[in-house]
Amino acid sequence: MTNKTANTMWGGRFADGPDAIMEAINASIGFDKRMAAQDIEGSRAHAAMLAATGILSDNDAKAIREGLLTVLSEIETGKFQFSAALEDIHMNVEARLKEIVGEAAGRLHTARSRNDQVATDFKLWVRDQMDAVDAALGSLLQGLLQQASAGADWVMPGFTHLQVAQPVTWGHHMMAYVEMFGRDRSRFADARRRMNESPLGAAALAGTSFPIDRDMTAKALGFDRPAANSLDAVADRDFALEFLSCASITAMHLSRLAEELVIWSSAQFRFVALSDRFSTGSSIMPQKKNPDAAELIRAKIGRIMGAMVGLFTVMKGLPLAYSKDMQEDKEQVFDAADNLMLAIAAMDGMVRDMTANRDALAAAASSGFSTATDLADWLVRELGLPFRDAHHVTGTLVAMAEKKGCDLPELTLEEMQGVHGDIAASVFDVLGVENSVASRTSYGGTAPDQVRKQIARWQKELG
């Protein structure tokens, strides 16, 4: 087989044969350049520690630290030339540093491996992303609290199985999502605390014989402590998996709210009007106002959860310590982080811009026999019926109202007494939706006073 024939087997961009393929599969600079700031931050901390422990001269350390700032400036201003031949962000930075400061650059890698270097960079990046998500979720929570406060006593239907169940308040429904996204924020914070151990100094896998000070570098980089086992330090990607797990749960919550906004903004519901900023028109139907932002948010869970499954699959069969498979850990985390931040920002904007239709909410709250449970509770409380008997009486009255084409409050007292003779006129006090929601005063209930207490608690917590 001639070389020309062999090369055509590689095809296209790989016409130069195995060398081109190896460079393409081995290089990560196309995506890990996103960690440039974290890489330089870690290297500056490492250089300072090498000088403090006498491993590196003060002059060399100073030149390295200043040179790294020059490299960072070049990257941030778009002047830096990335090279796939240098494989990754670490080698790209070190090569440019050598051009700037000369021989001293070669001493930076003393007592360090690319294994602990990349683990440190990636942890720093994920930690920064967790902080960004925390701030974004905090803003979304504030938007939901504004909606809840404005409609703390606006009645609307509560649903189970997407069927009208019992009346609740708009504020109560908004506060349900405050609780959800509050848990998401807590999960990220918990994961951040657990991940906050520094891999730097673990070297390739066994530590180093140089007299390094791992506590110094950990403190300089904002870690709580150094990782306690060098094998685990370079092999661990739990922090990335936890980030993706938290991100997936958050994306699921965003998707649930997005689904409700899609339903609520439809002509059949008219519960909310979404702003033009987060809607689009139809190319052929001029009357349409499509909730595209909500629909796209609803779809993000697929990408984000897919990233989590992808990384679990990469990690599940790896022996300790480092394997090149772990280079496949970053792209999916970067993609998931980008899409999560975009989804949170879009939802924040929609929540703050949307207008709830109070009249449509109230009208829907009064439909579908939504106060049937209140009637059953009244029969138990006022007449002493066992709940199962009260449930049967209420079901009979619902069937009667359904046959007449009316709602429960529109039945006459005589009609009700025909089902149970002891029903009194006071029953109508509980059949109004306003009275229904006002009566739900148990902790966490939908009564407006309870909703306002929860709003106040969250406003205090968020500061």
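Here the structure is shown first, and the text comes after it.
Residues numbered from 1 in each chain as written. Predicted model: local features only at pLDDT ≥ 70, side-chain atom pairs only at ≥ 80, totals over all residues. Heavy atoms only, no water.

Draft legend 1. Structural context of helix α16 (residues 387–404). Across its 18 residues, α16 extends 25 Å between first and last C-alpha, which sits within 8% of the 26 Å expected from 1.5 Å per residue. Contacts from the buried residues of α16 go to α15 (372–383) and α17 (413–419). Following α16 by one or two positions, Gly405 adopts a phi angle in the positive range, close to 75°. (Helix = DSSP H or I, 4+ residues; strand = E, 2+ residues; numbered from the N terminus. Expected span 1.5 Å × (residues − 1). Contact = heavy atoms within 4.5 Å.)

Draft legend 2. Inspection of the side chain of Thr394 at higher detail. By the secondary structure assignment, Thr394 is in helix α16. Under the relative-accessibility criterion, Thr394 is labelled buried at 5%. A distance of 3.5 Å separates the side chain of Thr394 from the backbone nitrogen of Ala376, its partner in a polar contact. Polar contacts involving the side chain of Thr394 include one to the main-chain carbonyl oxygen of Ala390, which spans 2.8 Å. Leave out the neighbours within four places in its chain, and Thr394 touches Ala372, Leu375, Ala376 and Leu379. (Buried < 20%, exposed > 50% of the residue type's maximum accessible area, 1.4 Å probe, protein only. Polar contact = N/O pair within 3.5 Å; in protein donor to acceptor, adjacent residues only side chain to side chain.)

Draft legend 3. Spatial organisation of the packing of helix α7 (residues 114–150) against helix α19 (residues 448–462). With their axes 11 Å apart at the nearest point, α7 and α19 run at an angle of 155° to one another. Overall, the two elements α7 and α19 adopt an arrangement that is roughly antiparallel. α7 and α19 meet at a crossing whose hand is left-handed. For the pair α7 and α19, contact is made by Leu141, Gln142, Leu145, Ala148 and Ser149 and by Ile455, Trp458, Gln459 and Leu462, respectively. (Axes fitted to C-alpha atoms, helices over the stretch in contact; angles between N-to-C directions. Parallel < 35°, antiparallel > 145°, perpendicular 65-115°, else oblique. Left-handed = near helix turned anticlockwise from the far one by under 90°.)

Draft legend 4. Looking closely at the pattern of salt bridges. This structure, assessed with the given rule, holds 27 salt bridges. Put simply, Glu99 and Arg96 hold a salt bridge, and the shortest N to O gap is 2.9 Å. Of this pair, Glu99 and Arg96 are both found in helix α6 (residues 89–101), 3 residues apart, which corresponds to roughly one turn of the helix. A salt bridge links Arg452 to Asp153, with the shortest nitrogen-to-oxygen separation between them at 3.6 Å. Of this pair, Arg452 sits in helix α19 while Asp153 is found in the loop between α7 and β1 (155–160), placing the two residues 299 residues apart along the sequence. Residues participating in the shared-partner salt-bridge network are Asp190, Arg193, Arg194 and Glu242. (Salt bridge = Lys/Arg side-chain N within 4 Å of Asp/Glu carboxyl O.)

Draft legend 5. The arrangement of the pairing of strand β2 (residues 163–169) in detail. As defined by bridge partners, β1 adjoins β2 across 6 bridges and the pair is classed as antiparallel. When the bridges of β2 are listed, Phe159 appears paired with Val164. Linkage of β1 to β2, two consecutive antiparallel strands, is achieved through a turn of 2 residues, within which His161 is found at a positive phi near 60°. (Pairing = 2+ DSSP bridges.)

Draft legend 6. The arrangement of the packing of aromatic side chains in detail. A complete count under the given rule lists 10 aromatic pairs for this structure. Ring centres of Phe80 and Phe82 lie 4.8 Å apart, and the angle between their planes is 55°; this geometry places the pair in the tilted category. Seen from their ring centres, Phe159 and Phe269 are 6.4 Å apart, and the 50° between their planes marks the pair as tilted. Taken together, the residues span a long stretch of sequence, with Phe159 in strand β1 and Phe269 in the loop between α11 (238–264) and β5 (272–273) at a distance of 110 residues. Members of the aromatic cluster, connected to one another through ring pairs, are Phe159, Trp170, Trp264, Phe269 and Phe271. One cation-aromatic arrangement involves Arg34 over Phe334; the distance from NZ or CZ to the ring centre is 4.9 Å. Across from the ring centre of Phe223, 4.8 Å away, lies the NZ or CZ of Arg127, which sits over that ring. (Phe/Tyr/Trp six-rings, centres within 6.5 Å; stacked < 30°, edge-to-face > 60°. Lys NZ or Arg CZ within 6 Å of the ring centre and 35° of its normal.)

Draft legend 7. Region of the structure containing unusual backbone geometry. Between Leu320 and Ala321 the backbone carries a cis peptide bond, its omega angle lying at 5°. Considering the arrangement of structural elements, one finds Ala321 in the loop between α12 (292–315) and α13 (330–353). The backbone of Glu87 shows a phi angle near 75°, a positive value even though the residue is not glycine. Assignment of secondary structure puts Glu87 in the loop between α5 (58–76) and α6. Judged by its relative accessible area of 23%, Glu87 falls in the partly exposed class. The residue Ala111 is not glycine, and still its phi comes out positive at about 60°. Secondary-structure assignment places Ala111 in the loop between α6 and α7.

Draft legend 8. Structural context of the nonpolar core. In this structure, Trp170 and Met347 are the most contacted members of the largest nonpolar core, which totals 78 residues. Looking at this core, the elements that each hand over two or more residues are α7, α8 (170–195), α11, α12, α13, α14 (358–365) and α19. Setting aside residues no more than four positions away along its own chain, Met347 makes contact with Leu140, Leu254, Leu257, Ala258, Leu261 and Ile297. Core analysis: the next-biggest nonpolar cluster, separate from the first, contains 23 residues, Ile40, Ala51, Ala111 and Ile212 among them. (Core = buried A, V, L, I, M, F, W, Y, C linked by side-chain atoms within 4.5 Å.)

From the geometry alone we can't say anything about function, so treat these as descriptive.
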